[in-house]
Every structure is written in C-alpha cells, then in structure tokens.
Amino acid sequence: TRRSRARRERAVAPRRPDGGAGLKLRAGLVAAHRRLSLAAVVFWLVQAATGIVAVFHWEIDDATVAGESRSLDFAAIEQRAAALAAAAPGRHIDSIWSTAAGTHRFDIFVAATPPDSGRIVRVDGSGRVLRTRVDGERWAHGGFVESVVLLHQKLLVGERGKWIVGSSGLLLLANLILGAVVAWPRGGRWRRALLPGSTTPGPPRLFSWHRALGLWMVVPAACLV
C-alpha cells in the first residue's frame, strides 16, 4: 500500500546528521509548552471569567439595585449631591458618574476626611437615593461587582497586580508562539495538520485537534493578547 511504501522509503532514506539534536530540541519545546500551560491555566481561566463580568459590570451592578427608571431632573440631582456633602464636616463631592446602563441612574462619589469614610451613593434621575455603599466595601451593597473588576485588572493588590497581569499577557504570547513552533508541520504537510480528519480515538485524536485549532487560531489569538 501507499502507506507501507512510504514507511519503507523512510526506513532506507539517509538520516540527517542533526536529526537527533532536532528531536531533542522539539521534545524540549513540547515539554516547555506543556509546563507553561499547566502552570498558568488557572490564572488565565480566572482572567477570562472575570473579564466577561468586567465588560458588563455596569449592567450587572445596575440590575442588583431595585427601583424604577425616572426621568432626568438635573436640579434635583444637584440638590441631592449638595445635601450629601453637607451631611458631615470634611465631606465633598469628588465626582458624579452615569451608570452607563441606560436607566438614568448616577453614582455620586462623596469624599471624606479621615477617620470618616467616603461613600458611593446611587441615585435615580429624580435624585432619589437607591443605594449607599461605604468607599472600599468589597462585597456588600454591590461591592462584589467592583471587586471582580479589580481582581481582573489588579488582582486586588494595587499597582503590583497590574504588573503581574501584564506579565501574564507576555507569558501567554510567548506560549502561543512556542505552541506554533511545536505544531508547525514538518515536510509541508499542512493539509493533514490543519484538517486532522479521522485519527485514532483517545489522546491521539485530542492532540491532533489541539494542534489544528492552535494553528488556525494562533494569529488572531496573538493579536488579541
């Protein structure tokens, strides 16, 4: 058969002098790719899951706050902000943000002089208070949504977290490139590499599809990283 003839031709073909070194290098790259993936897979999954929440965090947060949508009354919102600032000495309005959820709601950020704590007050379009959260609250009163966003951006450890997240992106990019080198078909067998077809069930089939998907997706994945 054609397959048997190909095996015989490979058996009698002269081996390249660097064949052993090439196989060792490839085996080392495969091991490095596998170990890097296993070492960082949990971190990358957490980043992916928290990233999905972060994209829609305004909508998710707004859905947890009861209250009907009210028409906008900027004078009433201004009066509410002034009352919040005058509620205690040392308080002042830092900023006012739309919740971006399309429900005419706003977060009023009230700064305070220590030991008093600042507050984030959500009001509707008429200035009615819907929720008050102490600044820095991580879980109650909608704080869990902000915590998920900070976990995605900074791992809840401030500026050091930014560097860790950024470094993980470089690690992911390096692993993608390493995977592409390992999966690169030898001898120009692109069709078989990109379209595995029928292979032996079990690990060989999973490996074939892992390789094919990696080759198909490595360029857009690298651009996304």
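Rules behind the numbers
- Residues numbered from 1 in each chain as written.
- Predicted model: local features only at pLDDT ≥ 70, side-chain atom pairs only at ≥ 80, totals over all residues.
- Heavy atoms only, no water.
- Helix = DSSP H or I, 4+ residues; strand = E, 2+ residues; numbered from the N terminus.
- Rg over C-alpha atoms; globule rule 2.2 N^0.38 Å.
- Buried < 20%, exposed > 50% of the residue type's maximum accessible area, 1.4 Å probe, protein only.
- Contact = heavy atoms within 4.5 Å.
- Areas by Shrake-Rupley, 256 points an atom, 1.4 Å probe, with all protein chains shown as cover.
- Lys, Arg positive; Asp, Glu negative; His and termini not counted.
- Charge placed at Lys NZ, Arg CZ, Asp CG, Glu CD.
- Phe/Tyr/Trp six-rings, centres within 6.5 Å; stacked < 30°, edge-to-face > 60°.
- Salt bridge = Lys/Arg side-chain N within 4 Å of Asp/Glu carboxyl O.
- Core = buried A, V, L, I, M, F, W, Y, C linked by side-chain atoms within 4.5 Å.
- Pairing = 2+ DSSP bridges.
- Expected span 1.5 Å × (residues − 1).
- Axes fitted to C-alpha atoms, helices over the stretch in contact; angles between N-to-C directions.
- Patch = residues over 30% accessible without salt bridge, like charges linked within 9 Å, V, L, I, M, F, W, Y side chains within 5 Å.
- Polar contact = N/O pair within 3.5 Å; in protein donor to acceptor, adjacent residues only side chain to side chain.

**A few points about the overall build of the protein**
The secondary structure content of the protein amounts to 8 helices and 4 strands. Helices and strands appear in the protein in the N-to-C order α-α-α-α-β-β-β-β-α-α-α-α. Expected size for 225 residues packed as a compact globule is a radius of gyration near 17 Å; at 28 Å, the protein overshoots this value by more than 25%. Within the protein, the fraction of its 225 residues that count as buried is 27%. A separation of at least 24 residues holds for 51% of the contacts in the protein among residues at least 6 apart in sequence. Of the accessible surface of the protein, which amounts to about 15,400 Å², a share of 64% is contributed by carbon and sulfur atoms. The averaged location of the 16 negative side-chain charges in the protein is 27 Å from the averaged location of its 31 positive side-chain charges.

**What about the packing of aromatic side chains?**
A complete count under the given rule lists 1 aromatic pair for this structure. The interplanar angle of 85 degrees and the centroid separation of 4.8 Å between the aromatic rings of Trp184 and Trp190 together place this pair among those described as edge-to-face.

**Digging into the pattern of salt bridges**
All chains considered together, the criterion is met by 9 salt bridges. Of the charged contacts in the structure, one is a salt bridge between Arg122 and Asp62, with a shortest N-O distance of 3.2 Å. Of this pair, Arg122 sits in strand E3 (residues 119–123) while Asp62 sits in helix H3 (residues 57–63), placing them 60 residues apart in sequence. Take Arg122 and Asp62: they sit in the same class, and that class is buried. By sharing partners, the salt bridges in this structure join Asp61, Asp62, Arg105, Asp107, Arg122 and Arg131 into a single network.

**Side note on the nonpolar core**
Within the largest apolar cluster, 8 residues are counted, these being Ile77, Ala81, Leu84, Phe106, Ile108, Val110, Val121 and Val123. For this core, the secondary structure elements donating two or more residues are helix H4 (74–85), strand E2 (106–111) and E3.

**A few points about the pairing of E2**
Taken across its 6 residues, E2 has 5 buried, putting it largely inside the fold. Alignment of strand E1 (residues 92–98) against E2, held across 6 bridges, turns out to be antiparallel. In the strand pairing of E2, His92 is matched with Ala111. Inspection of the sheet shows E2 paired to E3 by 5 bridges, in the antiparallel sense. Within the sheet, the bridge partner assigned to Asp107 lies in E3 and is Arg122.

**Quick look at H4**
Compared with the 16 Å implied by 1.5 Å per residue over 12 residues, the 17 Å span of H4 between its first and last C-alpha is a close match. Listed in full, the buried residues belonging to H4 are Ala76, Ile77, Ala81, Leu84 and Ala85. Along its buried surface, H4 packs onto E1, E2 and E3.

**What to know about the sheet that holds E2**
Strand order across the open sheet formed by 4 strands is E1-E2-E3-E4, with antiparallel pairing between neighbours. Both outer strands of the open sheet, E1 and strand E4 (129–134), are each paired with one neighbouring strand and no more. Ignoring which end each strand starts from, the neighbouring axes of this sheet average 20 degrees apart. Direction of pairing for E3 relative to E4: antiparallel, over a ladder of 5 bridges. By the bridge assignment, Val121 is partnered in E4 with Thr132. Running over the sheet, H4 touches E1, E2, E3 and E4 and is turned about 25 degrees from E2.

**Describing the side chain of Asp61**
By the secondary structure assignment, Asp61 is in helix H3. Leave out the neighbours within four places in its chain, and Asp61 touches Arg122, Arg131, Gly142 and Val145.

**Description of a nonpolar patch on the surface**
A surface patch of nonpolar side chains, about 330 Å² in accessible area, is lined by Val41, Val42, Leu45 and Val46. Residue placement: Val46 occurs in helix H2 (residues 19–55).

**Remarks on the environment of Asp61**
Judged by relative accessible area, Asp61 falls into the buried class, the value being 7%. On a C-alpha basis, the gap between Asp61 and Val42 in space is 26 Å, while along the polypeptide they are 19 residues apart. Here Arg122 takes part through its side chain, which lies 2.8 Å from a polar atom of the side chain of Asp61.

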